[in-house]
Amino acid sequence: MLILAIDTALEACSAAVLDTDANRLLASESEPMQRGHAEALVPMLGRVMQASGIGFADLDRIAVTTGPGSFTGLRVGLSAARGIALAADKPVVGLTTLSAYAAPLVSERDDTPILSAIDARHDHVYYQLVSGNGTRLVRPRVGPIAEALEAARQGAPRLVGNAAHLLAARWPALTPPAPLIDQQPAPDIFWVAWLGAAANPVAAPARPFYLRAPDAKPQTDALARAAQPAA
């Protein structure tokens, strides 16, 4: 299976083509960035596809991260993935950034739980706790850092994600330390591709994965006043 993987949800713009039969990337590129994904992604996709030596019609599937992450960034990746899928008549699957962070650790077949965490700002994190084999222990959610640390009391987990250091810095003094602190600005695109190969397109839609409402909300009172007829 040939998979085109795209990730623009967090602090990187990444793309890769995976050949699952050969268990290797035919081409990949990743550039750290906090903004500017829209300008960077399309040229990057062109370079990656050219380096892979295949055309879009040769792909079997497109995989893309769906969040949690930057509202603008993840929509850049989703729009590109959907557009390519439509033009090439290929299925597209969506994978969460939390699962992509955990994937390489799950592959190690270690029994130690994995706490994936993404900085949600304002002393909050997006997080998910899974067992060593990937079984969900705490569903994806957003909450205060203290809440994420409380969830980890089921056993000292390995920490991964762009908030791994945040959690490690606040680790309770009387609990066993995390055996691994793997701070990464964004998931490894290789594992985004592999998750995409394993995903069921019906169960993994390519749409934004939100754990909280947007910061900007319409003011109900103002909308009600605007709807009233003039006196």
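Model, not experiment: these values are computed from the prediction.

Asker: Would you mind going over the sheet that holds strand E2 (residues 12–19) with me for this structure?
Answerer: With respect to topology, 5 strands assemble into an open sheet ordered E3-E2-E1-E4-E5, the strand pairing being mixed. In this open sheet, the two strands that pair with only one neighbour each are strand E3 (24–32) and strand E5 (92–95). For this sheet the average axis-to-axis angle between neighbouring strands, irrespective of direction, equals 15 degrees. Pairing of strand E4 (residues 61–65) with E5 involves 4 bridges; the strand directions are parallel. Of the residues in E5, the one forming a bridge with Ile62 is Val92. Packed on one face of the sheet, helix H2 (residues 71–88) meets strand E1 (2–7), E4 and E5 and runs near 170 degrees to E4.

Asker: What should I look at first to understand unusual backbone geometry in this one?
Answerer: Phi is mostly negative for residues that are not glycine, and the peptide bonds are mostly trans. With an omega of 0 degrees, the peptide bond running from Gly67 to Pro68 counts as cis. Inspection of the secondary structure puts Pro68 in the loop between E4 and H2. Residue His122 is not a glycine yet carries a positive backbone phi of 55 degrees. Inspection of the secondary structure assignment puts His122 in the loop between strand E6 (114–121) and strand E7 (124–130). Using a relative accessible area of 71% as the deciding quantity, one classes His122 as exposed.

Asker: Please explain the pairing of strand E9 (residues 158–161) as it appears in this structure.
Answerer: Walk down a regular strand and you will see the side chains alternate between the two sheet faces. Alternating residues of E9 divide into Arg158 and Val160 and Leu159 and Gly161, and every residue in both groups is buried. As judged from the 3 bridges shared by E6 and E9, these two strands associate in the parallel manner. Bridging from a neighbouring strand, Leu115 pairs with Leu159 of E9. Two strands pair when backbone bridges link them, and E9 and strand E10 (residues 181–183) are joined in this way by 3 bridges, in the parallel orientation. Bridging across to E10, Leu159 finds its partner in Ile181. As for the winding sense of the linkage, the β-α-β connection from E9 through helix H5 (residues 164–169) to E10 is right-handed.

Cut-off values and rules
Residue positions within a chain follow its written sequence, with the count starting from 1. This being a predicted model, a pLDDT of at least 70 is required before a residue's local features are given, and a value of 80 or more before pairs of side-chain atoms are given or counted; all residues contribute to the totals for chains, interfaces and linings. Only heavy atoms go into the side-chain values, all of them from the structure, while hydrogens and water stay out. Two strands qualify as a pair provided DSSP detects at least 2 bridges between them. By the criteria applied, helices consist of DSSP H or I runs no shorter than four residues and strands consist of E runs no shorter than two, each listed in order from the N terminus. For helices, the fitted line uses only the C-alpha atoms of the stretch in contact; every axis is such a line through C-alpha atoms, and the angle between N-to-C directions lies from 0 to 180 degrees. Throughout, a contact is declared for two residues whenever any of their heavy atoms are within 4.5 Å. Between buried and exposed lies partly exposed: a residue is buried under 20% and exposed over 50% of the maximum accessible area for its type, with that area taken using a 1.4 Å probe on protein chains only. Every crossover in which the path from the first strand over the helix to the second runs clockwise, viewed with the strands pointing away from the viewer, is termed right-handed.

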